[in-house]
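# Per-entry structural report
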Amino acid sequence: MVMLGYFTLLERKVLGYGQYRKGPNKAILWGLLQPMLDGFKLFMKGFWGEYVSGLMNLWVFPSAGLFVIMFLWFVVSGYWGVLGMGLLLIYIILLSSVVGVMFFVSGYLTGGKYSMIGSLRSLAQAISFEGILAFSLISVMVVGCGSVSDLSVMGLGWGLVVMVFLVVSVVMESNRTPVDFVEGESELVSGLATEVGGLSFSLLFLMEYGLMSFYSFVLALIFWGSGSQILWVMVFMLLFMSVLCFLRLSLPRSRYDLNMTWGWKVSLVSVFLVYGVFYVGLVL
């Protein structure tokens with residue numbers, strides 16, 4: 001939870017210095033207490049729903065999504081130093097899909113027309129790229145026969161191909177620029193967070209930042225291997241988190257129809273072609 005708060009501070013610092021201005025720098029020293037102060041402010045502005053449905057979509061489902069992310073961190077920490085990570089990759093595929101469903105349900109059940117539209121669009125984007133993410137993770141598991149988790153068993157060329165697919169699918173899955181349509185909904189129909197209060201809003205976006213930080217750690221594990229030194233894993237994780245912040249700074253937002261076309265046609269066809277050639281070569 002502390003890391004999620006300071007992930008937001010890292011992003012605001014990167015965006016600030018990238019635009020020739022300072023980020024948060026007033027809270028104590030270099031703005032180090034800014035995430036805590038923002039969290040207190042949002043938690044005090046909670047929305048108290050009158051009905052059971054309001055309590056479900058404003059409190060239960062966002063809290064359940066954040067709990068799933070915390071459980072994923074618990075599972076991946078239990079596999080630290082263990083070479084056999086095939087079961088962990090299956091957990092990631094299954095439980096990360098639950099987080100996308102929690103986003104959808106939280107927005108859809110608010111009853112607002114704009115929130116329902118925004119939640120449907122966010123779910124369509126998540127489904128479009130979960131297939132690519134699943135194929136990429138399963139390929140690492142299959143090639144390593146469940147015993148080796150890093151990309152060294154695939155060779156440099158194929159390992160880089162898999163890493164490219166993983167990075168692209170993680171960016172798409174976590175709704176980051178140039179495909180941050182969940183945030184961009186505020187310019188169109190105000191998105192799935194229209195009807196929620198401060199605490200519910202905080203939980204939803206803690207889910208998003210938690211998913212990004214978790215995928216950064218998983219990519220570091222896949223790149224270096226679970227038996228490597230924690231220093232290199234953490235350095236790669238922080239580097240990828242900084243890349244996600246830099247993408248938001250440098251790229252414009254794409255079009256939604258182009259995103260869907262890329263997800264369902266270009267990426268999936270590329271995945272089938274690349275992995276088909278790779279597995280045929282592996283068998284031969």
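Residues numbered from 1 in each chain as written. Predicted model: local features only at pLDDT ≥ 70, side-chain atom pairs only at ≥ 80, totals over all residues. Heavy atoms only, no water.

Per an unreviewed UniProt entry, the recorded name for the protein chain is NADH-ubiquinone oxidoreductase chain 1, and the organism is Southwellina hispida. UniProt lists a comment for the protein chain under the heading Sequence similarities (unreviewed entry), and it reads "Belongs to the complex I subunit 1 family." As recorded by UniProt, the Catalytic activity (unreviewed entry) comment attached to the protein chain reads in full: "a ubiquinone + NADH + 5 H(+)(in) = a ubiquinol + NAD(+) + 4 H(+)(out)". (UniProt positions renumbered as here; feature names shortened; annotations may be inferred.)

### Observations regarding helix 1 (residues 2-18)
Spacing of three or four residues puts side chains on the same side of an α-helix, whose turn is 3.6 residues. For helix 1, built from 17 residues, the straight-helix expectation of 24 Å at 1.5 Å per residue is met to within 8% by its first-to-last C-alpha distance of 24 Å. Of the positions making up helix 1, those classed as buried are Leu-4, Gly-5, Phe-7, Leu-9, Glu-11, Lys-13, Leu-15 and Gly-16. Following helix 1 by one or two positions, Tyr-20 has its phi on the positive side, about 55°. (Helix = DSSP H or I, 4+ residues; strand = E, 2+ residues; numbered from the N terminus. Expected span 1.5 Å × (residues − 1). Buried < 20%, exposed > 50% of the residue type's maximum accessible area, 1.4 Å probe, protein only.)

### Examining a nonpolar patch on the surface
Taken together, the side chains of Ile-28, Leu-29, Trp-30, Leu-32, Leu-33, Met-36, Leu-37, Phe-40 and Phe-43 define a hydrophobic patch exposed on the protein surface, amounting to about 940 Å² of accessible area. Along the polypeptide, Phe-40 turns up in helix 2 (residues 34-43). Taking the relative accessible area as the measure of exposure, Phe-40 reaches 55% and is therefore exposed. (Patch = residues over 30% accessible without salt bridge, like charges linked within 9 Å, V, L, I, M, F, W, Y side chains within 5 Å. Areas by Shrake-Rupley, 256 points an atom, 1.4 Å probe, with all protein chains shown as cover. Salt bridge = Lys/Arg side-chain N within 4 Å of Asp/Glu carboxyl O.)

### Topic: the pattern of salt bridges
Counted by the stated rule, this structure contains 1 salt bridge. One salt bridge connects Arg-248 with Glu-11, and the closest N-O pair in it is separated by 3.0 Å. Of the two residues, Arg-248 sits in helix 9 (residues 230-250) while Glu-11 sits in helix 1, which places them 237 residues apart along the sequence. Judged by its relative accessible area of 33%, Arg-248 falls in the partly exposed class.

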